[in-house]
Amino acid sequence: MPEPSIEPSTEPAVEPPPPSAVTTNDAAVPVSASGGVDAGGEAVASAVSPEPASPVAMEEGRFAFLARAGEVLASSLDEPTVLRELPELVVPDLADWCAVDVVTPSHKVVRRAATHRDPALVPTVYAIAERWALQENGSQTMAHVLRTGEPRLIPDVPEQAFLEAARGNAALEETWRLGCRSVMVVPLVARGRVLGCMSLMSGTAGRYGECDLELARELARRAALSLDNACLYGEARQAQARTARLQAVTAALSRAATEDAVAQVLAREVWEASGATRVAVLALEEDGLMRPLRVLGYPEDALASFTRPPDGVAPDIRREAGWFGSLEEFIARYPENAELARRQGAGARAVVPLWGETRVRGLLLLAWPEPRVFPDAERAFLEALAHQCAQALERAALYEALRERTERLRQALVTGDMGTWRLDLVRGKELRDAALNHMLGLPAVDSAVPVGDMLEQLHPEDRPHVEAEFHRYQRESPGFFELEFRVIRRDGGVRWLHSVGQSFAGPDGKVTELTGAMADVTRRKEAEERLQLLLDASRVLALRLDDVEEALPEVARLVVDHVATGCLVDLAAPDGTLRRVTAAHRVPEHDARLHAALGGTDRGPAHPALQCFRTGEVCFLSRLDFTRCDAVSTSAAHRSLVDSLAPTSVLSVPLRARGRTLGVITLFTAGPQRTLVAADVTMAEELALRLSVALENARLFHDAQSAVRLRDEFLSVASHELKTPLTSLILQHNLIGRALETAGPPGPVAGRLNTAQRQVLRLTALVDNLLDVSRLSLGKLSLERAEVDLVQLTRDAVERLEDVFTQARCPLELELPRTLTGQWDALRLDQVLVNLLTNAAKYGAGHPVSVRAGVDARDEAWVEVRDQGIGIEADALPRLFGRFERAVSERHYGGMGLGLYISRQIVEALGGRIDVDSQPGQGATFTLRLPRNTVEAPPPPPPEL
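Note that the structure is a prediction, hence the values are computed from the model and not measured.

Here is what the cut-offs are and how they apply
Residues numbered from 1 in each chain as written. Predicted model: local features only at pLDDT ≥ 70, side-chain atom pairs only at ≥ 80, totals over all residues. Heavy atoms only, no water. Helix = DSSP H or I, 4+ residues; strand = E, 2+ residues; numbered from the N terminus. Buried < 20%, exposed > 50% of the residue type's maximum accessible area, 1.4 Å probe, protein only. Contact = heavy atoms within 4.5 Å. Areas by Shrake-Rupley, 256 points an atom, 1.4 Å probe, with all protein chains shown as cover. Salt bridge = Lys/Arg side-chain N within 4 Å of Asp/Glu carboxyl O. Core = buried A, V, L, I, M, F, W, Y, C linked by side-chain atoms within 4.5 Å.

Student: Residues and numbers for the overall build of the chain, please.
Tutor: Looking only at helices and strands, the chain has 28 helices and 30 strands in total. Across the 945 residues that make up the chain, the buried fraction comes to 46%. For the chain, the proportion of contacts with a sequence separation of at least 24, taken over those separated by at least 6, is 64%. Summed over all atoms, the accessible surface of the chain reaches about 47,100 Å², with 54% contributed by carbon and sulfur.

Student: Now, about the pattern of salt bridges: what can you tell me, with residues and values included?
Tutor: As enumerated under the stated definition, the model contains 47 salt bridges in all. The closest approach of N and O atoms between arginine 524 and glutamate 484, which form a salt bridge, is 2.4 Å. One end of the pair, arginine 524, is in helix 16 (residues 522-542); the other, glutamate 484, is in strand 16 (residues 480-488), with 40 residues separating them in the sequence. For arginine 524, a relative accessible area of 10% corresponds to the buried category. Where arginine 495 meets aspartate 520, a salt bridge forms, and the shortest distance between an N and an O atom there is 2.9 Å. Separated by 25 residues along the polypeptide, arginine 495 in strand 17 (residues 494-505) and aspartate 520 in strand 18 (residues 511-520) bring together distant segments of the chain. The class of arginine 495 is partly exposed, set by a relative accessible area of 27%.

Student: Which residues make up the nonpolar core, and what values go with them?
Tutor: Within the largest apolar cluster, 42 residues are counted, with the highest numbers of intra-cluster contacts made by Leu790, Leu829, Leu837, Phe926 and Leu928. Listed by contribution, the elements that provide at least two residues to this core are helix 24 (790-800), helix 26 (826-843), strand 27 (849-855), strand 28 (860-867), helix 28 (899-909) and strand 30 (924-931). In terms of residues, this core owes the most to one element, helix 26, which gives seven residues. Residues in contact with leucine 928, not counting those within four places in the same chain, are Leu829, Val832, Leu833, Ala861, Trp862, Val863, Val907, Arg913 and Ile914. The next biggest cluster of nonpolar side chains, apart from the first, holds 36 residues, and it includes Ala551, Leu552, Leu558 and Val563.

Student: Tell me about unusual backbone geometry, and please be specific about residues and values.
Tutor: Following valine 91, the chain continues to proline 92 via a peptide bond in cis, the omega torsion being 5°. Note that proline 92 resides in the loop between helix 2 (79-90) and strand 3 (97-103). Of note, the phi angle at arginine 191 is positive, near 55°, even though the residue is not glycine. Relative to the helices and strands, arginine 191 resides in the loop between strand 6 (182-190) and strand 7 (193-202). Even without being a glycine, alanine 646 presents a positive backbone phi close to 50°. Here alanine 646 lies in the loop between helix 21 (636-645) and strand 22 (649-657).

Student: Give a detailed account of helix 4 (residues 141-148), specifying residues and quantitative values.
Tutor: Looking at helix 4, one finds that the buried residues are Thr141, Met142, Ala143, Val145 and Leu146. Taken together, the buried residues of helix 4 touch strand 3, strand 4 (109-116), strand 5 (152-154), strand 6 and strand 7. Glycine 149 sits one or two residues past helix 4 and shows a positive phi near 75°.

Rendered as structure tokens:
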């Protein structure tokens, strides 16, 4: 709250009268004996003793007030809720009005909560803050508190000096009118940081003293702790949401094969995650100009400026992202776009380059309507999204280039730019032109060879299929045919050929001639194999997030099926060495030998995998020199294995993530397989990147699981440890109660003892709930089944809760059969019934509650608890049984939101279910259904991370 620069008078201030203890909501709250008012604004007369309260009563009142405040502040991890409830705790018991101001990341002071004993004046309290802008480093009283972290107390504000200072100052005049005769301003400090401050104002001069200031400081300390916990909880949930969104984006981008699809995914995810009102995804053309791929929220003139700059000069693309918290910051960086930026309005902006592996692929533009600060976590998240988009755009460009090349090859087949062939079955000759012989690695001349010579040059893996088709076309009636197969050239190279042809029949109807043409489609097929490998590997890795190492054998098998003869995968061991985890080979005999040698450590220093692991760089041997094999092995057995594999080319690529080398993937080829080329290096690097990301994600996933397990174990241990002192405390309360009964008629101590016993029982119930939650999370909820009479169990629960229903003014209607037995856990089922009955009394206060039971046609026992209270909104029903979920405000009804969650887990463990039917204002009906047989239900799975 802004304060005038008026210090207390130097004359001795009149000491305010001692406070007295007024009981409010079962807690003694200190208020001024002469100026105390109740919550309705009326003077407290009858509740205040005419005699000064004793120090003990005052101390008990302050302790009760702080206890109640701590309970209220600790009941929520929602920052707005904590800020809203803080001023409501002190008005009107401790102040006539109160304001809570928070320091934003941009070092501005914002009023987040305020209240006044007169609710009609609350808007005025907020309006004062809007008219009196504050900075964290200002010179006013509140600014001094925010800067130093020390509280300020002004017991008596001099009226004359204040009014003179307020002349012409509307904010000061409003402050005096609201009541500003005695002031306390206390900081909210947590972890050494000043989060904000709380201003307490009284309209009674001399109202506050050092005792009040100490009470306010303790309240502020607790409030700051709750506020800091709420901020940390919010940051943790945001980090978890960003991780989940990045995983979803990765999966979505892996399915996007075009620029438009990639841009659509990026724009949608950024729009939803960042809260920006304008998003544009721009692609960078070869001439340096931008081409919009996806634009949301930008006007037409902005779109035209993206595609056609006014001066015709291509924009300057920087690799670093630009984060501009205001319009002025943006104009300072890009003065040439000042006019366009002003037309789009004030607010924050961000320019994030889509930086791929080699160059900038485009830009991501974001805009917000208001100035803001960009946290480091948000910057890293948006930059990660942009990087993934850039990689996806590069893949889309490669896919588009592949499609164009395929179309050109098809056009070449149509126009006749190919080699031709003809089979004369009558003469037994095979005629080939010079172009076809050149593709086969033969002399580039026309030739005539015996029928079947072409089959001898087919790849061994393709020959059975092609030979069968060849003989079928010679037997069947004339028609067209089309085949793709591999041939081995004279120089040992492998080529893919696309053959189209037609068969012709003679006068007797038998095929006498086949003719056609062939085109070399090696590049297209290799590109298809590489692309298919990446798609299949991405699919396999996406299905094994929890344990990527289990997916590595399948990935290695995909590599040898598509592009290589063999594949080896090594991962870094904890001691820094390289351990072989899987291997695959096309030939089954060699595959078995590679698996048998997985645990070997007899690789030499010149081994490509070891060189790659040491340097972190790609090791590519396009033509393997066998003189190097001596340095590759350190044992005769390993050298024998290498000789039997006879590799012709080897490629080792590091698996890197977060600046660390996680391992190495090695591809090698052997005859008659083609040798690896530069395009395979690019493909292998992309595959290594996906493997690295999957391995790192798996590690983070396991770390998260471990953290959750540690949390659940801590809850379990803490709950058990808390039970011991609580049990002792309950025993002590009982002993005190017995002593009071024997001492004589009950006095005020007996009332306080009853209050303490209720609070201890409530704390015991909360600890039990936490213990049950930890058991459920760890999958340790045990059931002890026995013959149970559900009707008697229900009557016992209703009888124990008779006082609860009486206090809630809920008439109870029972409609139960004489008996209803089944094989259940009596204690756990009683816990469920108590939860349902307690909820009915809490939310149906003042209305009848009915309890019915019976058996349905499927021999299932059912219990129905129906209230006629406030009911439940439709959108809250799906999350009603979740952990810490609530359908109403905890401020009005209390609780942790665990009762229904625990009840549902218990019922499902018993093989049953809980149904709820409710409408707002018409009450709620909870129906418990349980099978009566003794079949064990499977234990409920632990909650998802």
